[in-house]
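Inside the fold
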Amino acid sequence: MSPPPSADADSTVQPRIRQQEVVAELGQQALETDDLDALMGDVSAAITEALGCEYGAVLELCAGSDEAVLRQGTGWRDGRVESIPVGTDSSSPSAYTLRTDGAVIVGDLRTEDRFSEPTLLADHDVVSGVCVVVGPTAEPWGILSAYTVEKREFTTTDANFLWSVGNLLASTVENTRTSRRFEAVFEDPNILVGLLDPDGTVLDINRTAMEYIDADLEAVRGVPFWKTPWWGAGDAVQSDIEQWTERAADGEYVEFETDLTRPSGEAYTLSGFFRPVTDGDGDVVSIIVSDRDVTERKQHEQELELFRNLLDYSNDSVFVLEPETGRVLDVNATARRRTGYSRAELLERSVPDLEEKIPDGDAWRSLAEEVRSDGPTTFDGIRRRADGSTFPVEVNLSVAELDREYVLAMVRDVTERRKHERKLEESNERLEQFAYAASHDLQEPLRMVTSYLQLLEDRYSDVLDDDAEEFIAYAVDGAERMREMIDGLLEYSRIETQGQSFEPIELETIFEDVVEDLQLRIEESEAEITAEDLPRVEGDASQLRQVFQNLLGNAIEYSGDEPPRIHVEADKKDRLWQLSIHDEGIGIDANDQERVFEIFNRLHSREQHGGTGIGLALCQRIVERHGGEIWVDSEPGAGATFSVTLPPIDGADS
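1. Observations regarding a negative patch on the surface
A surface patch of negative charge is lined by Glu425, Glu426, Glu429, Glu496, Glu624 and Glu629. A per-element tally of the negative patch places helix α14 (residues 415–459) first, with three residues. With respect to the helices and strands, Glu425 occurs in helix α14.

This is the structure:
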């Protein structure tokens, strides 16, 4: 006997009503919860109950993958979470669903020829089911499915119910994503964010922005944005903010940048935008103001602009290099003018001789690190003009900190300097030739004068009175002093031309040798000479020995009435070693401290102190040959300190 029509209608209507109730309940839950996992669990349970199925599944597509994972489910054995292939070449019901615009209804997996039976479904004896895509077909979020273990004919109504739940779930997922993105932006410590009503009143301001003013959130909430403390009391900025807010309320995306002042008086710059937020009908429901403090960026931009201007006004060709690779990033106008190449052509070329001196990336990085830690370094090179001619250059590498780190190659045209150096070399050669000729030509007459004076004294001593003897002695002494001065002049002229090549030198050893040579004078004067640890330097051992000999000898000679007290020390100053020799002697007047280095210049009579007056001039020339300097600090009666700078060995610290 067939059931009455009313009973049949009721059996159809009641499940449909229940499905509508489930959709309403899930919709309300979605509005009230921010726990997406809990909602998905309730969704799988609700569709299973409403459709009378054994299994429900919420599958989420894995980003960047051709698989989906069982995010939440009902009925599956505990701990059963699997990845399911859903790629275009996959044959599972889920993969088939993603390629279909509508719902996929499975009548009997055992006889289904559209796709194969996945392991998860086979292990749970699934026979029938219905699947829909969650989210837009173009960019789906996942798949919602319900399955039975007995054969069943799912209806279009069942599929539509599942569609409704899937759409609700997709909307909730998107809202959650949007909310989380907004929260992430809102809590970003690097961004100032405000949420406004369309009329411009403040709804919320993030913590980062509040740190810029002396007020709390409640003091600014409900206040027109342009009247809040961020914009100060000036009408100009407030007027701009009001206009930007109105434009955003009309649906316009407004970018801005403005200069402001903190309550402390510190100036800063904000850059950002007013962005309208619209509802489904396109009406503006709120305005997001998002901006960043770009004060440092503007300072960097100003520094970069100043830096570029300085480069273009420089008389040297300047190449800006990438620290990691040595690649040319920029060149100044001088480089373009002097070489005849365009900027584009110069960017494709290397710094002069750089490829030869630094053949690979490791060598470049090693050099860049040396420049970074020890300071600028210099080497010589040859540059190719565009017309094929060449000219000598000096390349100085240094590090510049701007918006980031760069290596600067300052390429200086040293053509004129090379000419000057050649002239100086020629001059030195002529000076040596003159000194040699003078010594050779004058030594013989001097020897003759001395010999005849001594002969005169020997033969006629019995007829010479005391005055004559004294005159002869003066003449012999003068001839001897003249010989010493000629020898000194010859030695002075040969500092450059006959010096030894530079090599690593132990100053400690040289100092000890000089002290041993001066031992007799030390004992006679009761001198006390002390020294700290002395470094290794690059230089000419014989000439540096002369420097120590002269400076220590002078410190003993000009000690005054007290026994000499001399101390030698060394310090690293600006990549050079500075040696200082202190004494407690008679000192030097300030007006004479430069004159003491002039050749044959004496501050005392020969009766007071002997010597030719060439020792300090020799020291100066030797030190200058080594690329250093020599000077004296002194006060009369308070001793003197002679200081000398010398280069370390290959830029080392010892």
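2. With respect to the sheet that holds strand β20 (residues 565–573)
Whether parallel or antiparallel, the strands of a sheet pair through hydrogen bonds between backbone atoms. An order of β18-β20-β21-β23-β22 is seen for the five strands of this open sheet, with the pairing classed as mixed. Of all the strands in the sheet, the pair left with one neighbour each is β18 (528–531) and β22 (630–634). Neighbouring strand axes in the sheet, compared pairwise and without regard to direction, differ in orientation by 20 degrees on average. Two strands pair when backbone bridges link them, and β22 and strand β23 (residues 640–646) are joined in this way by five bridges, in the antiparallel orientation. In the sheet register, Ser634 faces β23, and the bridge partner there is Ala640.

3. Side note on the packing of aromatic side chains
In this structure the tally under the stated criterion is 13 aromatic pairs. Taken together, a centroid distance of 6.2 Å and an interplanar angle of 70 degrees make the contact between Trp76 and Tyr147 edge-to-face. Separated by 71 residues along the polypeptide, Trp76 in the loop between β2 (67–74) and β3 (83–85) and Tyr147 in strand β6 (residues 142–148) bring together distant segments of the chain. On the accessibility criterion, Trp76 (9% relative accessible area) is buried. Aromatic pair Phe225 and Trp231: ring centres 5.3 Å apart, planes at 85 degrees, arrangement edge-to-face. We note that Phe225, like Trp231, is buried. Aromatic ring contacts, followed pair by pair, group Phe225, Trp230, Trp231, Trp244, Phe256 and Phe274 into a single cluster. The residue whose ring lies beneath Lys572 is Trp577, and the NZ or CZ to ring-centre distance is 5.6 Å.

4. Describing the confidence of the model for the protein
Averaged over all residues, the pLDDT of the protein equals 81, while 87% of them reach at least 70. The spread of mean pLDDT over the elements of the protein runs between helix α12 (residues 354–357), the lowest at 57, and β6, the highest at 93. In this model, residues 1–9 is a region of pLDDT below 50 whose contacts with residues beyond four sequence positions or in other chains number zero contacts.

5. Notes on the pattern of salt bridges
Scanning all chains against the criterion turns up 19 salt bridges. Put simply, Arg71 and Glu60 hold a salt bridge, and the shortest N to O gap is 2.5 Å. On the criterion of sequence distance, the pair formed by Arg71 in strand β2 and Glu60 in strand β1 (residues 55–61) is long-range, its members being eleven residues apart. A salt bridge links Arg110 to Asp108, with the nearest nitrogen and oxygen atoms 2.9 Å apart. You can call Arg110 exposed: its relative accessible area is 59%. Residues joined by salt bridges that share partners form a network here, namely Arg18, Glu21, Glu25 and Glu49.

Definitions and cut-offs
- Numbers given for residues are sequential positions, taken from 1 along each chain in its written order.
- Reporting in this predicted model follows two pLDDT cut-offs: at least 70 for local features of residues, and 80 or more for side-chain atom pairs to be given and counted; totals over whole chains, interfaces and linings ignore these cut-offs and use all residues.
- Values reported for side chains reflect all heavy atoms of the structure, with hydrogen atoms and water molecules removed beforehand.
- For patch building, the residue pool is restricted to those with more than 30% relative accessible area and no salt bridge; the joining distance is 9 Å between like charges and 5 Å between nonpolar side chains (Val, Leu, Ile, Met, Phe, Trp, Tyr).
- Working definition of accessibility: Shrake-Rupley area with a 1.4 Å probe, residue cover restricted to the visible protein chains.
- Only one rule defines a salt bridge in this text: a Lys or Arg side-chain nitrogen within 4 Å of an Asp or Glu carboxyl oxygen.
- Counted as positive: Lys and Arg. Counted as negative: Asp and Glu. His and the chain ends are not counted at all.
- The location of each charge is read from NZ of Lys, CZ of Arg, CG of Asp or CD of Glu.
- A run of DSSP states H or I qualifies as a helix once it reaches four residues; a run of E qualifies as a strand once it reaches two. Both are numbered from the N-terminal end.
- Any two strands with at least two DSSP-identified bridges between them are counted as paired.
- Interaxial angles span 0 to 180 degrees and are taken between N-to-C directions of axes, which are lines fitted to C-alpha atoms, for helices over the stretch in contact.
- Note on aromatic contacts: the rings of Phe and Tyr and the six-membered ring of Trp form a pair at centre separations within 6.5 Å, being stacked when their planes are under 30 degrees apart, edge-to-face when over 60 apart, and tilted otherwise.
- Remark: exposure states derive from per-residue accessible area (1.4 Å probe, protein chains only) relative to the maximum for the residue type, with buried under 20%, exposed over 50%, and partly exposed in between.
- Two conditions define a charge located above a ring, namely a distance within 6 Å from the ring centre to NZ of Lys or CZ of Arg, and an angle within 35 degrees of the ring normal.
- The quantity known as pLDDT measures the predictor's confidence residue by residue, on a range of 0 to 100.
- Residues are treated as being in contact if the distance between any of their heavy atoms lies within 4.5 Å.

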